[in-house]
Amino acid sequence: MGLHQFVIDAWSWLNYKPVMADAGRPGSRAFPELAGTWVPPHELRRLAAYKVLASYDNNQAGQLTAASGDAGALERRELGDAANLVDTALGYLLGSEQKVAVEGAEQADDEMPTPGAAEAAAVQKRLRAWADKELLTFRVQQAERAAVLLGDSVMVLAWNPQKRRPTLRVYDPGFFFPQWDDEDDDFPSRVHLAWELPADDEAGMKARVRRVTYELGPISEGGEEGDAAAGREYPWEPGRASNVTCYLTDAEWLLDDLKNGETLDRLPIGKAAYRVRPDGTALNRLDLMIDFVPVVHIANTIPDGGEHWGRSVLARVLQALDELAATDSDSSAASATTGTPIIGLAGARLPVDRATGQPKELQVKAGAVWQLGETGRMDALDTSPQLAELRARVDHLLERIASNSRVTAAGLGTLDATEVPSGYALKLALGPLDALIGMMRLAREHKYRLLFKMVQRLYQAGRAEGWLAGESLPTRLTWAPHTPTDRGAVLEEVVTAYGAGLLSLETAVAMLVEAGYPIEDASQEVERIRAKAEQEAAMRVAEDAARRGQDEDAEDAQLETETRAVA
């Protein structure tokens, strides 16, 4: 008997699955679509891992196991525990809302704003308008659910000449095939988005593969591609000529035309059918007039050194989810024998089927009467202790899943409120969840900054109104608190600190926003507070002036009365 192949990589936690046992062709039986000749062999484990995780999200893990040869797995009960874990982690990651924030914009309304604050506020306003038009909150939720479930997600930007703005789309990470020239590079210089298109017999279309490629390369302006003299000055780097641009290619190949060895990066150019834009331009190395690849890969976790891929929130608890499904199945079977027990009869007079002459099978049901002889006896099999043990094991597994996933029992809502003696104890119980969400948000921080930098540069490249040349302003996506905040305590802290002059008004309002107070725009709220304070101050000055005038009139009247009396 030969030794099993031992593999350690970003998806080693799935090695216990039969579909992942063959390191060379994982999932070849369960996922026939991965057997396409165009799929790069080194990507098969990643794609198979995505398939396995998607099966858990859709309560199909039993079907997947059955496809690997275990027919009994079809009876496994799956009650949505995996999807619940994913959705719960996603909810804490996203918080109640997300906002676009440009560094320095909050200081635009200060009495002495810092240099560039007005420009930052203007860019922030335009980016928030773009976010509303492009349904950024919706797109972020699409991308983040895929990232939390599968470990990775992909967002693609493109300039739309008709809408005069960048468009944002989310792609399945299974369509994403980056090509690194050097593994030490931060970003790939070439990216493929590829997927199969099924055959359509009615339309007479054969099965084909579509590949969209973004590639950085030397600028070619009517001459040789390697012409180093060609250069271009981009709006975000004024005064500096660049020899690099991004080319877009969108083509299709018939699967029947592909041979072994013609993988994604080696598809025959002579058999490509290029897509065409509405204006008639063929998408064959179309110069996008930008010097970056407008594709953002979001990883759910911080990748290990030398890796580029994230890890699913289900990764470390997948085997526990299998055990939970098996225990639920056993519990269901035990509950059947508890509700309708197995009964043994001795000395019973069984009715006889007249047609066959054989005793009829007895059924346990309400109102049934069985005649027993003098020595007759009935014994019932009591399975309730086993059922209680199985239910206790379900609770144990749920607690283990909550602990090992770091979502915690308090985060999943399974913690009994009577077991929490104080708010401080609850905060300690949520500690692992705080660390998990902090790590997940940190993994995304740079990617969303990169996304907004690309948005600004696409606006500049498209010569959109109001977008001037110059370096892109640092922009980030801010997240609301993932756990409830004691708003009363925050308000008291803000009032005390601001009253003592320890906090600025801007910082005080920002703290209230983070605490969940219904403040739409912090800068506008600061402006309203200051306007109201100035109005109240003006009213007090007017009242003081009127009061002084009345006092002076009274003094004059009294002096006149005294003068008359002397006269």
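Residues numbered from 1 in each chain as written. Predicted model: local features only at pLDDT ≥ 70, side-chain atom pairs only at ≥ 80, totals over all residues. Heavy atoms only, no water.

**Regarding the overall build of the chain**
Here is step 1 of the chain: The helix and strand inventory of the chain stands at 13 helices and 15 strands.
Here is step 2 of the chain: Among the 567 residues that make up the chain, the fraction classed as buried is 39%.
Here is step 3 of the chain: For the chain, the proportion of contacts with a sequence separation of at least 24, taken over those separated by at least 6, is 67%.
Here is step 4 of the chain: Of the roughly 32300 Å² that the chain leaves accessible, carbon and sulfur atoms contribute 52%. (Helix = DSSP H or I, 4+ residues; strand = E, 2+ residues; numbered from the N terminus. Buried < 20%, exposed > 50% of the residue type's maximum accessible area, 1.4 Å probe, protein only. Contact = heavy atoms within 4.5 Å. Areas by Shrake-Rupley, 256 points an atom, 1.4 Å probe, with all protein chains shown as cover.)

**Notes on helix α12 (residues 505–514)**
Here is step 1 of the chain: If you check which residues of α12 are buried, you get Leu505, Glu506, Ala508, Val509 and Leu512. Along the long axis of α12, the arc covered by the buried residues comes to 165 degrees, so they all point the same way. (Arc of directions from axis to C-beta.)

**Re the confidence of the model for the chain**
Here is step 1 of the chain: Residues of the chain with pLDDT of at least 70 account for 89%, and the chain-wide mean is 84.
Here is step 2 of the chain: Segment residues 223–228: pLDDT under 50, and 7 contacts once partners within four positions in sequence are set aside and those in other chains are kept. (pLDDT = per-residue confidence, 0-100.)

**A look at the packing of aromatic side chains**
Here is step 1 of the chain: Applying the stated criterion across every chain yields a total of 9 aromatic pairs.
Here is step 2 of the chain: Plain terms: the ring middles of tryptophan 159 and tyrosine 459 are 5.9 Å apart, the flat faces sit at 75 degrees to each other, and that makes the pair edge-to-face. Separated by 300 residues along the polypeptide, tryptophan 159 in strand β2 (residues 152–160) and tyrosine 459 in helix α10 (residues 431–461) bring together distant segments of the chain.
Here is step 3 of the chain: Under the relative-accessibility criterion, tryptophan 159 is labelled partly exposed at 23%.
Here is step 4 of the chain: Through a chain of ring-to-ring contacts, three or more aromatic side chains come together here, namely Trp159, Tyr459 and Trp467.
Here is step 5 of the chain: Positioned over the ring face of phenylalanine 177 is arginine 46, at 5.6 Å from the centre of the ring.
Here is step 6 of the chain: When the ring centre of tryptophan 309 is taken as reference, the NZ or CZ atom of arginine 46 above it lies at 4.1 Å. (Phe/Tyr/Trp six-rings, centres within 6.5 Å; stacked < 30°, edge-to-face > 60°. Lys NZ or Arg CZ within 6 Å of the ring centre and 35° of its normal.)

**Quick notes on the environment of alanine 461**
Here is step 1 of the chain: Among the structural elements, alanine 461 can be located in helix α10.
Here is step 2 of the chain: Classification of alanine 461 by relative accessible area gives partly exposed; the value is 25%.
Here is step 3 of the chain: Once residues lying within four places of it in the same chain are set aside, the contact partners of alanine 461 are Pro235, Trp236, Met289 and Ile290.

**Observations regarding a nonpolar patch on the surface**
Here is step 1 of the chain: The grouping of Leu345, Leu350, Leu372 and Met378 at the surface amounts to a nonpolar patch, some 320 Å² of accessible area in total.
Here is step 2 of the chain: With respect to the secondary-structure elements, leucine 345 resides in strand β13 (residues 343–348). (Patch = residues over 30% accessible without salt bridge, like charges linked within 9 Å, V, L, I, M, F, W, Y side chains within 5 Å. Salt bridge = Lys/Arg side-chain N within 4 Å of Asp/Glu carboxyl O.)

**A short note on helix α3 (residues 81–94)**
For the α-helix, the turn length of 3.6 residues means that residues three or four positions removed from each other point alike.
Here is step 1 of the chain: Here α3 contains 14 residues, and its C-alpha end-to-end distance of 20 Å stays within 8% of the 20 Å for a straight helix at 1.5 Å per residue.
Here is step 2 of the chain: Taken across its 14 residues, α3 has 10 buried, putting it largely inside the fold.
Here is step 3 of the chain: Among the residues of α3, those classed as buried are Ala82, Ala83, Leu85, Val86, Thr88, Ala89, Leu90, Tyr92, Leu93 and Leu94.
Here is step 4 of the chain: Just downstream of α3, glycine 95 is the residue with a positive phi angle, here 70 degrees. (Expected span 1.5 Å × (residues − 1).)

**Quick notes on the pairing of strand β9 (residues 244–254)**
Here is step 1 of the chain: Buried residues dominate β9, accounting for 9 of its 11 residues.
Here is step 2 of the chain: With 11 bridges joining them, strand β6 (residues 208–218) and β9 adopt antiparallel strand pairing. Looking across to β9, one finds that arginine 211 is bridged to alanine 251.
Here is step 3 of the chain: Pairing of β9 with strand β11 (residues 286–287), which is carried by 2 bridges, proceeds in the antiparallel orientation. The residue bridging tyrosine 247 from the neighbouring strand is aspartate 287, located in β11.
Here is step 4 of the chain: Pairing of β9 with strand β10 (residues 273–274), which is carried by 2 bridges, proceeds in the antiparallel orientation. (Pairing = 2+ DSSP bridges.)

**Quick look at the packing of helix α5 (residues 136–150) against α10**
Here is step 1 of the chain: Where α5 contacts α10, the axes come no closer than 13 Å and their chain directions differ by 135 degrees. With respect to their mutual orientation, α5 and α10 come out oblique. Seen from above, α5 lies across α10 with right-handed handedness. In contact with Leu136, Val140, Glu144, Ala147 and Val148 of α5, α10 contributes Met440, Arg444, Tyr448 and Phe452. (Axes fitted to C-alpha atoms, helices over the stretch in contact; angles between N-to-C directions. Parallel < 35°, antiparallel > 145°, perpendicular 65-115°, else oblique. Left-handed = near helix turned anticlockwise from the far one by under 90°.)

**A closer look at the sheet that holds strand β12 (residues 295–299)**
Here is step 1 of the chain: One open sheet holds the 3 strands; their spatial order is β3-β2-β12, and the pairing between them is antiparallel. With partners counted over all chains shown, the strands left at the sheet margins are β3 (165–171) and β12, one partner each. The sheet shows a mean angle of 25 degrees between the axes of neighbouring strands, taken without regard to direction.
Here is step 2 of the chain: Bridge analysis of β2 against β12 gives 5 bridges, and the strand direction is antiparallel. Within β12, the residue paired with aspartate 152 across the bridge is alanine 299.
Here is step 3 of the chain: Contacting β2, β3 and β12, α5 runs over the sheet at an angle of about 150 degrees to β2.

**Some remarks on the pattern of salt bridges**
Here is step 1 of the chain: Tallying each qualifying case throughout the model produces 24 salt bridges.
Here is step 2 of the chain: The residue arginine 449 makes a salt bridge to glutamate 445 at a minimum N-O spacing of 3.0 Å. Note that arginine 449 and glutamate 445 are positioned in helix α10 at a spacing of 4 residues, about one turn of the helix.
Here is step 3 of the chain: A cluster of three or more residues bridged by salt bridges with shared partners is formed by Glu103, Glu445, Arg449 and Arg476.

**Some remarks on the side chain of serine 153**
Here is step 1 of the chain: With respect to the helices, strands and loops of the structure, serine 153 is situated in strand β2.
Here is step 2 of the chain: On the basis of relative accessibility, which here comes to 0%, the residue serine 153 falls in the buried class.
Here is step 3 of the chain: Polar side-chain contacts of serine 153 include one of 3.0 Å to the backbone oxygen of alanine 143. (Polar contact = N/O pair within 3.5 Å; in protein donor to acceptor, adjacent residues only side chain to side chain.)

**What about the environment of lysine 259?**
Here is step 1 of the chain: Structurally, lysine 259 can be placed in the loop between β9 and β10.
Here is step 2 of the chain: Taking the C-alpha atoms as reference points, lysine 259 and threonine 37, 222 residues apart in sequence, are found 6.9 Å from one another.

**Observations concerning a negative patch on the surface**
Here is step 1 of the chain: Taken together, the side chains of Asp395, Glu399, Asp416 and Glu419 make up a negatively charged region of the molecular surface.
Here is step 2 of the chain: One can find glutamate 419 in the loop between α8 (409–412) and α9 (423–429).
Here is step 3 of the chain: Using a relative accessible area of 56% as the deciding quantity, one classes glutamate 419 as exposed. (Lys, Arg positive; Asp, Glu negative; His and termini not counted. Charge placed at Lys NZ, Arg CZ, Asp CG, Glu CD.)

**Details of the side chain of glutamate 43**
Here is step 1 of the chain: With respect to the element layout, glutamate 43 can be found in the segment before α1 (44–57).
Here is step 2 of the chain: Within polar-contact distance, the side chain of glutamate 43 engages the side chain of arginine 46 at 2.9 Å.
Here is step 3 of the chain: In this view, glutamate 43 contacts Phe177 and Trp309; residues no more than four positions away in its chain are not counted.

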